[in-house]
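Letter by letter, the chains look like this.
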Amino acid sequence: MSKKTIAILTVILAILIDQISKIYIKTHFYLGEEIRVLGMDWFRIHFTENNGMAWGFEFGGKSGKLFLTLFRIVAVGGIIYWLRETIKSKMHNGVVVAISLILAGAIGNIIDSVFYGVIFNTPSGRQVATLFSDEPYGELFFGKVVDMLYFPMYQGESFTFFNAIFNGADSWISIGVVLLFIFHKQAFPKKEEA
């Protein structure tokens, strides 16, 4: 299988898994609903949404949200260029997969930010969202990112270790970065001095 095929399949599969899981959660869970996976305390599905920054941080209100979304779109262009150059220079497949996962993760969260505001409604109480609603909750470029994966490793009275709630796209980016560390010699070869 060619490196280009590996990249394309990785990106498509990762985006599909991310978006299918987000749409399922959004249309089957009410906001704030949580279940324990296989009854485990340390692995939960907890539906929450945010405006797109890590750990739900926000800045600059509506203009900050638009800036973040546009920045992500520009960043995706840079990642596509990086992936193309990586394939052309015949780097290790691990590097191709790593960059492909980072690209897929970025695209996955962009899809939420750009489109979810115009295709979903805002449910109230214990109702779930409706896909392709007649009364969407937002506008183009102002959608909320769906998060659901929650791994509270330790919960004390005032402290929870690893309290981040994230999604598939975030996972792909994290896995891609870890793979880049593993394949750092192949990803960032030292140039020979003249």
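Residues numbered from 1 in each chain as written. Predicted model: local features only at pLDDT ≥ 70, side-chain atom pairs only at ≥ 80, totals over all residues. Heavy atoms only, no water.

- By the naming in an unreviewed UniProt entry, the protein chain goes by Lipoprotein signal peptidase and is assigned to Tenacibaculum platacis.
- The annotation that UniProt attaches to the protein chain under Catalytic activity (unreviewed entry) is "Release of signal peptides from bacterial membrane prolipoproteins. Hydrolyzes -Xaa-Yaa-Zaa-|-(S,diacylglyceryl)Cys-, in which Xaa is hydrophobic (preferably Leu), and Yaa (Ala or Ser) and Zaa (Gly or Ala) have small, neutral side chains."
- The Sequence similarities (unreviewed entry) field of the UniProt record for the protein chain holds the comment "Belongs to the peptidase A8 family." (UniProt positions renumbered as here; feature names shortened; annotations may be inferred.)

## A word on the packing of aromatic side chains
Then, number 1: Using the criterion set out here, one finds six aromatic pairs in the structure.
Then, number 2: Ring centres of Trp 42 and Phe 43 lie 6.3 Å apart, and the angle between their planes is 25 degrees; on these two criteria the pair is classed as stacked.
Then, number 3: For Trp 42, a relative accessible area of 40% gives the class partly exposed.
Then, number 4: For the pair Phe 43 and Phe 151, a centre-to-centre distance of 4.6 Å together with 10 degrees between the ring planes defines the contact as stacked. Of this pair, Phe 43 sits in the loop between strand S1 (34-36) and strand S2 (44-50) while Phe 151 is found in the loop between strand S3 (145-150) and strand S4 (154-155), placing the two residues 108 residues apart along the sequence.
Then, number 5: One aromatic cluster in this structure is built from Trp 42, Phe 43, Phe 151 and Phe 166.
Then, number 6: Positioned above the aromatic ring of Phe 120, the side-chain terminus of Lys 26 is 5.1 Å from the ring centre.
Then, number 7: Lying over the aromatic face of Phe 142, Lys 62 brings its terminal NZ or CZ to 5.0 Å of the ring centre. (Phe/Tyr/Trp six-rings, centres within 6.5 Å; stacked < 30°, edge-to-face > 60°. Buried < 20%, exposed > 50% of the residue type's maximum accessible area, 1.4 Å probe, protein only. Helix = DSSP H or I, 4+ residues; strand = E, 2+ residues; numbered from the N terminus. Lys NZ or Arg CZ within 6 Å of the ring centre and 35° of its normal.)

## Quick word on the environment of Leu 131
Then, number 1: Structurally, Leu 131 can be placed in the loop between helix H3 (93-119) and S3.
Then, number 2: Sequence-distant contacts of Leu 131, defined by excluding residues within four places in its chain, comprise Ile 23, Thr 27, Ile 119 and Phe 120. (Contact = heavy atoms within 4.5 Å.)

## Let's talk about the pairing of S2
Successive side chains on a regular strand alternate, one facing one side of the sheet and the next facing the other.
Then, number 1: Among the seven residues of S2, five are classified as buried, and the element is accordingly described as predominantly covered.
Then, number 2: Sheet analysis places S1 next to S2, joined by three bridges and oriented antiparallel. Opposite Arg 36, over in S2, you have Arg 44 as the bridge partner.
Then, number 3: Bridge analysis of S2 against S3 gives five bridges, and the strand direction is antiparallel. The residue of S3 that forms the bridge with Ile 45 is Leu 149. (Pairing = 2+ DSSP bridges.)

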